[in-house]
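Residue-level structural notes
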Amino acid sequence: MERTGTTRRRALIGAGAAVTAALSGCSSDEPGARRDAPPSVSAETLLRRRSAALSSALLGRYDAVLAAHPGLAPRLAPLRAQVALHVEALSPTGDRPRPASSPSSSSSAGAAASPSPSSSASPSAAVPADAGAAVRELASAERSTAAAHTAALTGAPPEYARLLASVAAAGAVHVYLLTKGSR
């Protein structure tokens, strides 16, 4: 009798392990199993990191334009401040960056704010010498970022999808303000 009980327990433990492996999508017999991220990193966290990186790159672009054209600060500083808030809101809870700067209309505050490490690649792109062209390129960057946030909606959980939709809508408003809104 005791042998049957032990055999049943072993069978149940083995079945439980098989079910766990099947549900997690991996098993020990997958020699080429891809492991891009630790199992503790959720799909939402990865999406949040990508979304925050997109907005962070846009923030870096604002910083580059403000550094090249400090006279645009009164017009761009409020938009830049909102993009900084978007970076913070989109980031995973544990990865939330400190605010780059407080909203200010002074040109030194907008230009002197240090971009986060993930946005440091964006400012390397040349900023046009003509302020109007720089603003048009910034509007294009806003448009691309908003489109990427909109595209990410399909893979986002409901609560995060609402946030992405709001950020994408704000980006569309920024595009308007950078283009038609200034006329």
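Please refer to the structure placed before this passage.
Structural notes, computed from the coordinates.

Counting residues in hydrophobic clusters, the biggest one holds 17 residues, and the most contacted among them are Tyr62, Leu76, Leu138 and Leu178. Counting only elements with at least two residues in this core, the list comes to α2 (43-68), α3 (73-90) and α5 (131-151). When neighbours within four sequence positions are excluded, Leu178 is seen to be in contact with Tyr62, Arg75, Leu76, Leu79, Val135, Leu138, Ala139 and Glu142. Leu90, Ala156, Leu164 and Val167 belong to the second largest nonpolar core, which has nine residues in total.

So, about α3. Compared with the 26 Å implied by 1.5 Å per residue over 18 residues, the 25 Å span of α3 between its first and last C-alpha is a close match. The set of residues buried in α3 consists of Ala73, Leu76, Ala77, Leu79, Arg80, Ala81, Val83, Ala84, His86, Val87 and Leu90.

Okay, the packing of α5 against helix α6 (residues 158-178) next. The geometry of α5 relative to α6 is characterised by a closest axis approach of 8 Å and an angle of 160 degrees between their N-to-C directions. With respect to their mutual orientation, α5 and α6 come out roughly antiparallel. When you trace α5 past α6, the crossing you get is left-handed. Contact residues: α5 offers Val135, Leu138, Ala139, Glu142, Arg143, Ala146, His149 and Thr150, while α6 offers Leu164, Val167, Ala168, Gly171, Ala172, His174, Val175 and Leu178. Among the residues making up the contact of α5 with α6, the classes are represented as 10 nonpolar, four polar and two charged.

Along the chain, His86 turns up in helix α3. For His86, a relative accessible area of 14% gives the class buried. Residue contacts for His86: discarding those within four places in its chain leaves Ser55, Val167, Ala170 and His174.

A surface patch of nonpolar side chains, amounting to about 280 Å² of accessible area, comprises Val173, Tyr176 and Leu177. Secondary-structure assignment places Val173 in helix α6.

This structure, assessed with the given rule, holds four salt bridges. The closest approach of N and O atoms between Glu137 and Arg61, which form a salt bridge, is 3.2 Å. Of this pair, Glu137 sits in helix α5 while Arg61 sits in helix α2, and the two are 76 residues apart along the sequence. According to the relative accessible area criterion, Glu137 is partly exposed, its value standing at 37%. Exposure remark for Arg61: the relative accessible area of 7% places this residue in the buried category. Here Arg136 ties to Asp130 by a salt bridge, and the two come within 3.8 Å at their closest N and O atoms.

This part is about the environment of Ser56. Along the chain, Ser56 turns up in helix α2. Under the relative-accessibility criterion, Ser56 is labelled buried at 0%. Between the C-alpha atom of Ser56 and that of Ala84, which follows or precedes it by 28 residues, the distance is 7.4 Å.

What counts and how
- Residues numbered from 1 in each chain as written.
- Predicted model: local features only at pLDDT ≥ 70, side-chain atom pairs only at ≥ 80, totals over all residues.
- Heavy atoms only, no water.
- Core = buried A, V, L, I, M, F, W, Y, C linked by side-chain atoms within 4.5 Å.
- Buried < 20%, exposed > 50% of the residue type's maximum accessible area, 1.4 Å probe, protein only.
- Helix = DSSP H or I, 4+ residues; strand = E, 2+ residues; numbered from the N terminus.
- Contact = heavy atoms within 4.5 Å.
- Expected span 1.5 Å × (residues − 1).
- Axes fitted to C-alpha atoms, helices over the stretch in contact; angles between N-to-C directions.
- Parallel < 35°, antiparallel > 145°, perpendicular 65-115°, else oblique.
- Left-handed = near helix turned anticlockwise from the far one by under 90°.
- Nonpolar A, V, L, I, M, F, W, Y, C, P; charged D, E, K, R; others polar.
- Patch = residues over 30% accessible without salt bridge, like charges linked within 9 Å, V, L, I, M, F, W, Y side chains within 5 Å.
- Areas by Shrake-Rupley, 256 points an atom, 1.4 Å probe, with all protein chains shown as cover.
- Salt bridge = Lys/Arg side-chain N within 4 Å of Asp/Glu carboxyl O.

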